[in-house]
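# A look at the structure
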Amino acid sequence: MVRKVILDCDPGHDDAMALLMAIASEEIDLLAITTSAGNQLPQKTFENARKLLALAKREDIPVAAGAAKPLRRELIIADDVHGESGLDGADLPIPTTSKLSISANDLIAEILKESTEKVTLIATGPLTNIAIFILSHPELKEKIELISFMGGACFGGNMTPEAEFNIYVDPEAADIVMQSGVPLAMFGLDVTLKAQLFDTDIKEIREIGNDVAKTMADLLDFFNLTTTVPFWADNQHVEGIHMHDPCAVAFVIDPTIFTTYLMHVEVETSNTLALGSTVVDYDNVFKKDKNVAVSFDLDLQKFRKLTMDTMKFFDN
Ligand code: RIB
Ligand code: CA
């Protein structure tokens, strides 16, 4: 069944692969893209999404900018990982269409009101836009099939020892989403750190030879420079590039790629050492509602094949 999808993203190198994966899949009808502030400033992630659509020759897909900052906190960006532009490492085409003035919230609402089918929301950045939509249009929650999001972690963070970047940037927004009652699938670091591409994969992508693949290979070369290596690694260990965001899209395309378990998840929003952590009730100690399907593992070969098929899609 083809799923109608809106992708909310903060491109971002791994967001770029997620966006291209959504465009290339026959399982997804990508209705719109909305952009969040996260990897870079809002105007940069918005422009990056438009440039990626120009690269993919899909500027027919509407792009709307979302909130300029988190609900209640100052914005933290990841320019140390994604660079000054948010997509450093490649030359991207200049968009040829004029910028839409509609807001992300209004575009999501317009699409859900008009859709005769439920719509899947995929989020690969901070959850600010999704939270704003849920708060401003509670009557449209029933039109959401699923929110598949990259964020959080059951065990260990990457912004603090406990918190993952997307959740840490806007913990209040993440908590609103967790408590929304909407079906949720969470692709946190527990699984996304396993979704790795290696130098050989970048070489294979570049050799696919179309403009999208060659550009993505350049982006991955840059992203590889900022890939973190686990503390336990010795000098024999080769860590791949962590393809966090494509996991949230790949699940919608082929859920069999991932292992998920329904668990209770809450977000720490108090200004403590654990701020922004996703508290996953792994052993069901609280006996509370199991509100989130949490992923811990994936079939890496299936994920890798989907990635390669995505790049080959842009041959024609
Ligand atoms: O922690 C990984 C997440 O932070 C990914 O979405 C990446 O794009 C960055 O936004
Ligand atoms: Ca992202």
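From a predicted model like this one, the values you see are computed outputs, not experimental measurements. (Residues numbered from 1 in each chain as written. Chains lettered and ligands numbered in written order. Predicted model: local features only at pLDDT ≥ 70, side-chain atom pairs only at ≥ 80, totals over all residues. Heavy atoms only, no water.)

### Quick look at the overall build of the protein chain
Filter applied, for reference: Secondary structure is summarised from DSSP: a helix means a run of H or I of at least four residues, a strand means a run of E of at least two, and numbering begins at the N terminus for each. Taken over C-alpha atoms, the radius of gyration is set against a globule rule of 2.2 Å times the number of residues to the power 0.38. Think of it in three bands: residues with accessible area under 20% of the maximum for their type are buried, residues over 50% are exposed, and the middle band is partly exposed, with areas taken using a 1.4 Å probe on protein chains only. Contacts were defined at the residue level, with two residues in contact if any of their heavy atoms lie within 4.5 Å. For every accessible area listed, the method is Shrake-Rupley and the probe measures 1.4 Å; residues are considered covered only by the protein chains on display. Charge assignment in this entry is limited to Lys and Arg as positive and Asp and Glu as negative, and neither His nor the chain termini are counted. For this purpose, a charge sits on NZ of Lys, CZ of Arg, CG of Asp or CD of Glu.
In terms of regular secondary structure, the protein chain is built from 12 helices and 12 strands. At 18 Å, the protein chain has a C-alpha radius of gyration in line with the 20 Å of a compact globule built from 316 residues. Seen along its three principal axes, the alpha-carbon backbone of the protein chain occupies a region of about 50 × 50 × 40 Å. Out of the 316 residues belonging to the protein chain, those deemed buried represent 57%. Look at the contacts in the protein chain between residues 6 or more apart in sequence, and 83% of them connect residues 24 or more apart. For the protein chain, the accessible surface area stands at approximately 13300 Å², while carbon and sulfur atoms represent 53% of it. Across the protein chain, 26 positive and 49 negative side-chain charges occur, with their mean positions spaced 4 Å apart.

### A few points about the layout of surface pockets
In plain terms, the rule: In this analysis a 1.4 Å probe is tested at points of a 1 Å grid over the protein atoms alone, and where it fits but cannot get out there is a cavity; an open set with protein on both sides within 12 Å along at least five of seven lines is a pocket; lining residues have an atom within 4 Å of a point. Grid points are joined across faces, edges and corners, and a volume is the space filled by probe spheres set on the points. Residue type decides the class: Asp, Glu, Lys and Arg count as charged, Ala, Val, Leu, Ile, Met, Phe, Trp, Tyr, Cys and Pro as nonpolar, and the leftover types, Gly among them, as polar.
Taken as a whole, the largest pocket encloses approximately 740 Å³ of empty space. Of all the secondary-structure elements, those providing two or more residues to the lining of the largest pocket are α1 (13–24), α3 (79–82), α6 (165–169) and α8 (189–192). For the lining of the largest pocket, the leading source of residues is α3, giving 3 residues. Partitioning the lining of the largest pocket into residue classes produces 15 nonpolar, 14 polar and 8 charged.

### Let's talk about the packing of helix α9 (residues 199–208) against helix α10 (residues 211–225)
The relative placement of two packed helices is expressed as an angle between their axes plus a distance between the axes. Worth spelling out the cut-off: Every angle, taken between N-to-C directions, lies between 0 and 180 degrees, and every axis is a line fitted to C-alpha atoms, over only the stretch in contact when it is a helix. Put simply, angles under 35 degrees are roughly parallel, angles over 145 are roughly antiparallel, angles from 65 to 115 are roughly perpendicular, and the rest are oblique. Throughout, a crossing is termed right-handed when the near helix is turned clockwise from the far one, and left-handed when it is turned anticlockwise from it by less than a right angle.
Interaxial distance between α9 and α10 falls to 7 Å at its minimum, and their mutual angle equals 160 degrees. Between α9 and α10, the crossing angle belongs to the class labelled roughly antiparallel. The interaxial crossing formed by α9 with α10 has left-handed handedness. Every residue of α10 that contacts α9 at Asp-199, Ile-202, Ile-205, Arg-206 and Ile-208 is listed here: Ala-213, Lys-214, Ala-217, Asp-218, Leu-220, Asp-221 and Asn-224. Counted by class, the contact of α9 with α10 contains 6 nonpolar, 1 polar and 5 charged residues.

### Quick word on the nonpolar core
Note the threshold: Residues belong to one nonpolar core when they are buried, are Ala, Val, Leu, Ile, Met, Phe, Trp, Tyr or Cys, and are joined through side-chain atoms within 4.5 Å.
Ranked by internal contacts, the top residues of the largest apolar core, which has 60 residues, are Ile-33 and Phe-258. With 9 residues, the single largest contributor to this core is α1. Discounting residues that sit within four places of it in the chain, Phe-258 has contacts with Phe-187, Val-191, Cys-247, Ala-250, Phe-251, Ser-295, Asp-297, Leu-298 and Phe-303. If you look at the next biggest cluster of nonpolar residues, it comprises 36 residues, including Ala-32, Ala-123, Ile-144 and Ile-147.

### Focus: the coordination of the calcium ion (ligand 2)
Ideal geometry at a metal gives 109.5 degrees between four tetrahedral donors and either 90 or 180 degrees between six octahedral ones. Rule in force here: Counted as donors are N, O and S atoms no farther than 2.8 Å from the metal, or 3.2 Å for Na, K and Ca; water is not among the atoms, and sites may therefore look incomplete.
Coordination of the calcium ion (ligand 2) by the protein involves Asp-10 (OD), Asp-15 (OD), Asp-15 (OD), Thr-124 (O) and Asp-245 (OD), with metal-donor separations of 2.2 to 2.6 Å. Asp-15 sits in the buried class, given a relative accessible area of 0%. Residue Thr-124 is classed as buried on the basis of its relative accessible area, which comes to 1%.

### Observations regarding the sheet that holds strand β12 (residues 292–298)
Rules: At least two DSSP bridges between two strands are required for those strands to pair.
Pairing in this open sheet of 8 strands is mixed, and the strands run β3-β2-β1-β4-β5-β6-β12-β9 from one edge to the other. Here the strands that pair on one side only, and so sit at the sheet edges, are β3 (63–65) and β9 (258–263). Neighbouring strand axes in the sheet, compared pairwise and without regard to direction, differ in orientation by 25 degrees on average. When β9 meets β12, the two strands line up antiparallel, connected through 6 bridges. Within β12, the position partnered with Tyr-261 by the bridge is Val-294. Strands β1 (3–9), β2 (28–35), β3, β4 (119–123) and β5 (144–150) of the sheet are contacted by helix α4 (residues 104–114), whose axis makes an angle of about 155 degrees with β2.

### Digging into the packing of aromatic side chains
How we decide: The rule is short: rings of Phe, Tyr and Trp, with Trp giving its six-membered ring, pair when the centres are within 6.5 Å, and they are stacked under 30 degrees, edge-to-face over 60, tilted in between.
Under the defined criterion, the tally for this structure stands at 8 aromatic pairs. Taking the centre distance of 5.1 Å and the plane angle of 50 degrees together, the rings of Phe-187 and Phe-251 count as tilted. Placement of Phe-187 in strand β6 (residues 184–187) and of Phe-251 in helix α11 (residues 246–253) is noted, with a sequence separation of 64 residues between them. Accessibility assignment for this pair places Phe-187 and Phe-251 in one class, buried. Ring geometry for Tyr-282 against Phe-296: centres 5.5 Å apart, planes inclined by 70 degrees, an arrangement best described as edge-to-face.

### Examining the site of ligand 1
Filter applied, for reference: Distances are taken per atom, and a residue is near a molecule or strand as soon as one of its heavy atoms is within 4 Å of it. A 3.5 Å cut-off defines polar contacts: any pair of N or O atoms within that distance qualifies, except that in protein one atom must be a possible hydrogen donor and the other a possible acceptor, and neighbouring residues in sequence count only when both atoms are side-chain atoms. Pocket occupancy is defined atom-wise: a molecule lies in a cavity or pocket when more than half of its atoms are within 2 Å of its grid points.
Residues in contact with ligand 1 amount to 13 residues; listed here are only the nearest, Asp-14, Asn-39, Asn-158, Glu-164 and Asp-245. Asp-15 is positioned with one of its side-chain polar atoms (N or O) 3.0 Å from an oxygen atom of ligand 1. One of the backbone nitrogen or oxygen atoms of Thr-124 is found 2.9 Å away from an oxygen atom of ligand 1. Surface burial for ligand 1 is 95%, taken as the share of its 280 Å² of free accessible area covered by protein chains. The pocket occupied by ligand 1, as judged from atoms lying within 2 Å of grid points, is the largest pocket. Within the residue set of the shell around ligand 1, elements represented by two or more residues are α1 and α6. In terms of residue class, the shell around ligand 1 is built from 2 nonpolar, 6 polar and 5 charged.

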